[in-house]
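Report on the structure
One-letter residues, chain by chain:
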Amino acid sequence: MVRVLKPTEEVLREAASLLRKGGLVAFPTETVYGLGGDALNPEAVAKIFEAKERPYFDPLIVHIAKFEDIERLCSRVDDRARLLMSRFWPGPLTLVLPKGDIVPDIVTAGLRTVAIRMPSHPVALALLREFGGPIAAPSANRFGFLSPTQAEHVKDQLGDRIDLIIDGGPCPIGVESTILDLSEEPTLLRPGGLPLEEIERVIGKVKILTLSDRPRSPGQLKRHYSPRTPLRIIRGESFVIPIGVKAGLLAFKGSPRREGFYVVEVLSPSGDLREAACNLFRSLHRLDSAGLDVIYAEAVPEVGLGRAIMDRLRKAEGLE
Ligand code: TXA
Ligand code: MG
């Protein structure tokens with residue numbers, strides 16, 4: 001079984017050395033836990049796909065700790081990208097930019113673009129610095145399943161297939177990074193930890209990729225981020241639990257209607273969307289292991305981080 005260790009200097013040194021040998025290390029970021037491998041080593045990257053059972057057509061995000069790295073990983077970085085980087089990095093924003101030649105094709109699934117982000121979590125940054133190069137890291141879950149926001153979640157899903165898990169405690173943001181494609185007209189590929197409103201305040205209107213558009217990001221796949229238990233979003237007021245059904249409730253804010261539910265998880269007692277995003281995956285992991293027939297989820301307002309929450313709930317529901 002994999003070792004789960006606190007991020008001491010010694011552990012970070014060992015993790016970096018595992019990465020240099022082509023091994024896989026799960027580590028905390030401010031969004032979710034990542035499953036890291038040497039981004040410039042195609043064999044290490046192949047191992048990431050295998051461990052996650054992720055299809056090779058789904059490209060990975062490359063993580064960096066130094067702004068200079070962007071120059072060799074990308075062939076063109078325009079002013080908009082530089083503005084966003086200076087404003088939001090390190091932080092939960094991934095930029096899709098034209099790829100540089102040193103990035104192996106397996107990382108980008110053959111695309112001419114590469115997704116890059118500089119995480120703000122101190123453990124992620126310390127690991128990147130210790131390793132000294134870019135780290136490719138998808139979320140450390142099996143493909144299509146719930147993203148991990150604590151070390152335990154990683155151990156449950158991948159414990160038998162990776163070398164080390166660095167336990168940095170729960171992830172402070174709790175939903176994945178926002179992905180913005182800047183290779184053409186600025187387009188939101190995935191709402192995430194950085195609210196769209198903040199990006200638009202810096203570069204103006206951003207196009208929102210809808211499901212009818214060509215899927216540019218497999219994060220756009222219909223069913224994704226899913227618990228094993230079926231999930232339904234509660235729409236409208238007239239909701240009743242079917243008789244004989246063991247149902248759980250994912251409530252947005254305090255004092256939800258609890259009668260009839262077997263388990264209730266409240267995302268934010270005060271109705272704060274940041275807190276709700278932070279608790280989303282942990283609550284879904286809990287509901288998913290409660291032996292329920294179905295999870296009902298309350299809709300949240302689609303502003304700020306609410307956009308990322310509803311995106312993940314819709315994908316978990318898998319209906320649209
Ligand atoms: O917060 C995060 O972004 C986390 C942490 C670990 O950094 N990572 C993460 O990675 O969520 P992953 O692999 O679970 O999701 C990355 C998404 C995928 O939907 C992938 O299709 C998309 O990024 N992506 C990667 N490269 C791309 C590219 N060149 N063009 C479009 N989409 C890309
Ligand atoms: Mg993922």
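The rules behind the values
- Residues numbered from 1 in each chain as written.
- Chains lettered and ligands numbered in written order.
- Predicted model: local features only at pLDDT ≥ 70, side-chain atom pairs only at ≥ 80, totals over all residues.
- Heavy atoms only, no water.
- Domains from an automatic or database assignment.
- Contact = heavy atoms within 4.5 Å.
- Buried area = accessible area lost by both parts, 1.4 Å probe.
- Salt bridge = Lys/Arg side-chain N within 4 Å of Asp/Glu carboxyl O.
- Axes fitted to C-alpha atoms, helices over the stretch in contact; angles between N-to-C directions.
- Helix = DSSP H or I, 4+ residues; strand = E, 2+ residues; numbered from the N terminus.
- Parallel < 35°, antiparallel > 145°, perpendicular 65-115°, else oblique.
- Left-handed = near helix turned anticlockwise from the far one by under 90°.
- Nonpolar A, V, L, I, M, F, W, Y, C, P; charged D, E, K, R; others polar.
- Buried < 20%, exposed > 50% of the residue type's maximum accessible area, 1.4 Å probe, protein only.
- Polar contact = N/O pair within 3.5 Å; in protein donor to acceptor, adjacent residues only side chain to side chain.
- Pairing = 2+ DSSP bridges.
- Arc of directions from axis to C-beta.
- Phe/Tyr/Trp six-rings, centres within 6.5 Å; stacked < 30°, edge-to-face > 60°.

1. Thoughts on the domain arrangement of the chain
Domain assignment breaks the chain into domain 1 (3-175) and domain 2 (231-317). Inter-centroid distance (C-alpha atoms) of domain 1 to domain 2 is 29 Å. With 12 residues of domain 1 in contact, the opposing surface of domain 2 contributes 10 residues. When the buried area of domain 1 at its contact with domain 2 is split by residue, L146, H153 and V175 rank highest and sum to 55% of it. Counting every contact that joins domain 1 to domain 2 gives zero salt bridges.

2. A word on the packing of helix 4 (residues 79-88) against helix 8 (residues 196-203)
Direction vectors running N to C along helix 4 and helix 8 enclose 130 degrees, while the axes themselves pass 10 Å from each other. Accordingly, the angle class assigned to the pair helix 4 and helix 8 is oblique. As helix 4 runs across helix 8, the sense of the crossing is right-handed. Between helix 4 and helix 8, the contacting residues are R80, L83, L84, R87 and F88 on the first element and E198, I199, V202 and I203 on the second. Looking at the contact of helix 4 with helix 8 residue by residue, the class counts come to six nonpolar, no polar and three charged.

3. What about the pattern of salt bridges?
This structure, assessed with the given rule, holds 21 salt bridges. Between R3 and E14 there is a salt bridge, with the nearest N and O atoms lying 2.5 Å from each other. One end of the pair, R3, is in strand 1 (residues 3-5); the other, E14, is in helix 1 (residues 9-20), with 11 residues separating them in the sequence. Residue R3 is classed as partly exposed on the basis of its relative accessible area, which comes to 38%. A salt bridge links D105 to K99, with the nearest nitrogen and oxygen atoms 3.7 Å apart.

4. A look at the environment of L180
With respect to the secondary-structure elements, L180 resides in strand 9 (residues 178-181). Here the alpha-carbon distance between L180 and A115, two residues 65 residues apart in the chain, equals 8.8 Å. When sequence neighbours within four positions are dropped, the list of residues in contact with L180 reads L84, L93, T94, L95, V96, P186, T187, L188, I199, I203 and V206.

5. A short note on the side chain of T94
Take T94: it is sitting in strand 5 (residues 93-98). Within the structure, T94 has its side chain in polar contact with the side chain of S177 (distance 2.7 Å).

6. Details of the pairing of strand 3 (residues 34-38)
Among the five residues that make up strand 3, five are buried, leaving the element largely enclosed by the rest of the structure. In this structure, strand 2 (residues 25-27) lies alongside strand 3, joined through three bridges in antiparallel fashion. Bridge assignment links F27 to a residue of strand 3, and that residue is G34.

7. A short note on helix 8
Residues spaced three or four apart along an α-helix face the same direction, because each turn holds 3.6 residues. Among the residues making up helix 8, those that are buried are L196, I199, E200 and I203. Within helix 8, the buried residues cover an arc of 100 degrees as seen down the axis, which keeps them to one side. On its buried face, helix 8 is in contact with helix 4, strand 5, strand 9, strand 10 (187-190), strand 11 (207-208) and helix 10 (306-317). G204 sits one or two residues past helix 8 and shows a positive phi near 80 degrees.

8. A closer look at the packing of aromatic side chains
Taken as a whole and judged by the stated rule, the model has three aromatic pairs. Relative to Y56, the ring of F49 lies with its centre 4.8 Å away and its plane at 25 degrees, an arrangement referred to as stacked. Between F261 and Y296, the ring centres sit 6.5 Å apart and the planes meet at 70 degrees, which makes this aromatic pair edge-to-face. Separated by 35 residues along the polypeptide, F261 in the loop between strand 13 (247-251) and strand 14 (263-266) and Y296 in strand 15 (residues 294-298) bring together distant segments of the chain.

9. Digging into the packing of helix 9 (residues 273-288) against helix 10
Interhelical geometry of helix 9 versus helix 10 gives an angle of 30 degrees and a closest axis separation of 9 Å. The orientation of helix 9 relative to helix 10 falls into the category roughly parallel. In the crossing of helix 9 with helix 10, the sense of the turn from one axis to the other is left-handed. In contact with L273, A276, A277, L280 and F281 of helix 9, helix 10 contributes G306, I309, R312 and L313.

10. Side note on the sheet that holds strand 14
Read across the sheet, four strands follow the order 12-15-13-14 without closing on themselves; strand pairing throughout is parallel. Sheet topology places strand 12 (231-234) and strand 14 at the edges, where each strand pairs with a single neighbour. Between one strand axis and the next, the sheet turns by 20 degrees as a mean value, whatever way the strands run. Where strand 12 and strand 15 come together, four bridges link them in parallel fashion. Paired with I234 across the two strands is E298, which belongs to strand 15. This element, helix 9, spans strand 12, strand 13, strand 14 and strand 15 of the sheet and lies at about 170 degrees to strand 13. Helix-sheet contacts for helix 10 involve strand 12, strand 13 and strand 15, and the interaxial angle to strand 12 is about 130 degrees.

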